[in-house]
Amino acid sequence: MTTNDLTPILERLDRMNAGLAYVVERQRAQEELLGELVPIGREALTTAIGRLDALDQKGYFRFATELAGVAQQVIEGFSPDDVRQLGDAIVKILGAVRALTQPEVLQIAVDATQALEDADQVKPMGIFGMVRATRNDDVQKGMALMVEVLRRIGHGVNALTERAPKQLDKKAKLAELLGPRSGKKRLGVERLQLPAGRPATPAATPAPAAAAPACSTPKPVTTAAVIDGIAYSADGHMVDASAWTPRLGEAIAQLQGVALTPAHVALIDAARADFVANKVSPNIRRLTQVAGVTTKDIYLLFPKAPARTLAKIAGLPKPAGCL
Amino acid sequence: MDKLTETPRKVAIICSKGGLDEVYPALILANAARQSGIEAFIFFTFWGLDAVTEKRVDHLHVNLAGNAASNMPTLVGGLPGMEALAGHMMKKQMAELELPTVREMLEILVDSGAELYACELAMKMFKRTTEDLVPQVKEVITAGDFYDLSTGAQIIFT
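Colleague: When you look at a nonpolar patch on the surface in this model, what are you seeing that I'm missing?
Modeller: Residues and elements named next belong to chain A. A cluster of nonpolar side chains, contributed by L86, I90, V91, I93, L94 and V97, occupies part of the molecular surface with about 540 Å² of accessible area. Mapping V91 onto the fold places it in helix 3 (residues 80-100). Classification of V91 by relative accessible area gives exposed; the value is 61%.

Written out as structure tokens, the structure is:
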């Protein structure tokens with residue numbers, strides 16, 4: 001073995017020695033670092049624990065726990081569909097929020113709240129005060145705005161209700177409860193309907209001729225007495241006018257205390273002629289029209305109950321009408 | 001046979017309102033009384049005085065406001081001209097029925113022997129003199145006179 005042979009070995013040893021020295025040096029440095037880090041780490045841990053403790057004491061963790069509970073409830077209460085709809089609506093919500101938070105709008109809100117703060121200075125107002133207030137331009141503008149807002153809200157509500165299934169209105173419900181109801185006009189008819197099982201009694205009272213005014217309706221005359229073969233009604237008029245003769249007229253006139261003159265007879269003839277023509281016993285007004293006499297004349301000829309006395313003497317029924 | 005001659009009857013009618021519909025009943029009742037051989041007189045007082053006032057007798061109206069039977073809301077009935085319109089309508093209807101006018105009725109009543117009286121106090125209140133009244137009025141009397149006249153009479157107030 002020569003020196004030459006030894007040289008590479010020595011060189012390698014040298015290099016190894018340098019490497020060893022580096023390793024040792026690094027080990028030493030690591031140990032130094034560790035020695036420094038451990039206290040720092042310990043301190044950091046202590047601080048961290050202290051911080052977490054503080055957070056816990058402030059309620060952060062409990063808050064988080066509760067939040068988790070709330071989230072649970074939200075998830076239980078809302079279906080994914082709802083959330084999707086919320087996602088659709090979020091743009092609109094944000095739009096509304098942005099509109100509300102415009103400086104001008106906020107200023108209006110601030111002014112309005114200012115009014116609330118000054119509420120103690122506001123005086124009570126009656127309906128006339130309201131009317132007076134409407135003369136103010138600002139109030140008018142505010143009212144217009146309120147009406148516009150109301151209009152839009154109402155429009156929206158209408159749209160909502162239209163979408164909702166149509167409900168029976170109150171009247172329809174009531175009608176359903178009460179059953180079929182007859183119209184007002186049939187009220188009188190209902191009364192005539194007799195309960196089932198009871199035989200309808202024959203019409204005891206003949207239907208009165210309601211169409212004509214009661215004042216001028218001649219009542220059916222019934223015989224109350226028959227004197228010398230002539231029938232008279234209860235009020236002393238002859239039942240059958242055709243049974244009259246001038247002689248009978250004179251006899252009745254005597255009973256009535258009237259002494260017949262040609263004037264009387266003319267009037268009696270006029271009354272009888274009118275009765276034959278119209279089938280209605282003439283009253284005084286009618287006599288003045290058809291016989292060409294005045295009211296005064298008639299009362300002079302028949303001072304007591306002229307039309308009646310005249311009708312009795314003339315064998316006519318009681319005069320019709322009120323005049 | 002004739003009950004009317006047995007007991008003499010008499011009616012005293014007080015006409016205190018001046019509407020066409022308020023005057024006619026008094027006039028017709030008095031007329032019917034006379035036709036039935038009953039003595040009758042009418043005492044015109046307060047607004048009823050219009051029925052015997054020359055300038056008013058032909059222009060009596062129908063009172064619509066506050067009249068529940070008029071088929072017209074009180075507010076509408078209270079509008080200017082509505083009373084005149086209703087009065088006109090009623091007069092038209094009466095003409096169709098050949099009812100005499102108020103003036104004619106007054107003449108008929110006097111001709112048939114009824115008596116018409118005017119109230120003195122109402123005359124003073126409305127500042128009317130006997131010249132303002134229709135000739136059919138017999139006399140201007142007081143309430144006391146009215147009672148003297150209505151002795152034994154049935155009193156009807158309209």
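Having put the structure on the table, let's press on.
Colleague: Any chance you could explain the packing of helix 9 (residues 246-256) of chain A against helix 13 (residues 306-313) of chain A here in plain terms?
Modeller: Geometrically, a packed helix pair is captured by the angle between its two axes and the distance between the axes. Residues and elements named next belong to chain A. Put simply, helix 9 and helix 13 touch, their axes get as near as 8 Å, and they point 145° apart. Contacts from G249, I252, A253 and Q256 in helix 9 reach T309, K312 and I313 in helix 13. Of the residues belonging to the contact of helix 9 with helix 13, the class tally is three nonpolar, three polar and one charged.

Colleague: Which parts of the structure should I look at to understand the interface of chain A and chain B?
Modeller: Often, the extent of an interface is quoted as the loss of accessible area upon association of its parts. At the junction of the two partners, chain A supplies 17 residues and chain B supplies 18 residues. When the two sides are added together, the surface that chain A and chain B hide from each other amounts to roughly 1,700 Å², 55% of it contributed by carbon and sulfur. Ranking the residues of chain A by area buried against chain B places R285(A), Y299(A) and L323(A) at the top, with a combined share of 33%. There are zero salt bridges connecting chain A and chain B. Elements with a minimum of two residues in the side of chain A that touches chain B: helix 11 (284-290), helix 12 (295-301) and helix 13 of chain A. A per-class count over the side of chain A that touches chain B returns eight nonpolar, four polar and five charged.

Colleague: Help me understand the packing of helix 1 (residues 20-35) of chain B against helix 3 (residues 82-96) of chain B in this model?
Modeller: Residues and elements named next belong to chain B. Two numbers describe how helix 1 lies on helix 3: the axes approach to 11 Å, and their chain directions differ by 35°. Counting all contacts with helix 1, which are made through L20, D21 and Y24, the residues of helix 3 involved are G87, M90, K91 and M94. Here the residues of the contact of helix 1 with helix 3 are counted per class, giving four nonpolar, one polar and two charged.

Colleague: Would you take a moment to explain helix 7 (residues 170-178) of chain A for this structure?
Modeller: What sets the pattern is the α-helix's 3.6 residues per turn: residues three or four places apart point alike. Burial analysis of helix 7 of chain A places just zero of its nine residues in the buried class, a small minority of the element. Just past helix 7 of chain A, the residue G179(A) takes up positive phi, approximately 85°.

Colleague: Where do I start with the side chain of R272(A) in this structure?
Modeller: Residue and element names in this part refer to chain A. Note that R272 resides in helix 10 (residues 262-278). From its side chain, R272 meets the backbone oxygen of A241 in a polar contact 3.0 Å long. If we ignore the near neighbours within four places in the chain, the residues touching R272 are A241, W244, A314, G315 and L316.

Colleague: Before we go on, may I ask you to explain the confidence of the model for chain B in this structure?
Modeller: Predicted coordinates in regions of low pLDDT should not be interpreted in detail. Here chain B averages 88 in pLDDT, while 96% of its residues score no lower than 70. Across the interfaces of the predicted complex, the ipTM metric reaches 0.79, alongside a pTM of 0.53.

Colleague: So what exactly am I meant to see when it comes to the sheet that holds strand 4 (residues 137-141) of chain B here?
Modeller: Pairing between the strands of a sheet comes from backbone hydrogen bonds, and it takes one of two forms, parallel or antiparallel. All names here are of chain B. Taken together, the five strands give an open sheet; going across it, the order is 4-3-2-1-5, and neighbouring strands pair in parallel fashion. The open sheet terminates on both sides in strands that have one partner only, identified here as strand 4 and strand 5 (154-157). The average angle at which neighbouring strand axes cross in this sheet is 25°, direction not considered. Sheet analysis places strand 1 (residues 10-15) next to strand 2 (residues 39-44), joined by six bridges and oriented parallel. By the bridge assignment for strand 2, I13 is matched with I42. Across the sheet, helix 1 is in contact with strand 1, strand 2 and strand 5; its angle to strand 2 comes to roughly 160°.

Reading the values: the criteria
- Throughout, a residue's number is its position along its own chain's written sequence, starting from 1.
- Naming scheme: in the order in which they are written, chains are lettered from A and ligands are numbered from 1.
- pLDDT decides what is reported in this predicted model: residues at 70 or higher carry local features, side-chain atom pairs at 80 or more are listed and counted, and totals for whole chains, interfaces and linings draw on all residues regardless.
- As a rule here, side-chain values cover all heavy atoms of the structure and leave hydrogens and water aside.
- Put simply, a patch holds well-exposed residues, over 30% relative accessible area, that have no salt bridge, with like charges counted together within 9 Å and Val, Leu, Ile, Met, Phe, Trp or Tyr side chains within 5 Å.
- Using a 1.4 Å probe, accessible areas were evaluated by the Shrake-Rupley method; residue-level cover was limited to the displayed protein chains.
- The rule for a salt bridge is simple: a side-chain nitrogen of Lys or Arg has to be within 4 Å of a carboxyl oxygen of Asp or Glu.
- Going along the chain from the N terminus, every DSSP run of H or I of four or more residues is numbered as a helix, and every run of E of two or more is numbered as a strand.
- We call a residue buried when its accessible area falls under 20% of the maximum for its residue type, exposed when it is over 50%, and partly exposed in between, using a 1.4 Å probe and counting protein chains only.
- Between the N-to-C directions of two axes lies an angle of 0 to 180 degrees, each axis being a line fitted to C-alpha atoms and, for a helix, fitted only over the stretch in contact.
- Two residues form a contact once any of their heavy atoms are found within 4.5 Å.
- The residue classification treats Ala, Val, Leu, Ile, Met, Phe, Trp, Tyr, Cys and Pro as nonpolar and Asp, Glu, Lys and Arg as charged. All others, Gly included, are polar.
- The term buried area means the drop in 1.4 Å probe accessible area that two parts suffer when joined, counted for both and summed.
- Here a polar contact is recorded for every N or O atom pair within 3.5 Å, except that within protein the pair must consist of a potential hydrogen donor and a potential acceptor, and residues adjacent in sequence are included only if both atoms are side-chain atoms.
- Confidence of the predictor at the level of single residues is captured by pLDDT, which takes values from 0 to 100.
- A pair of strands counts as paired when DSSP detects no fewer than two bridges linking them.

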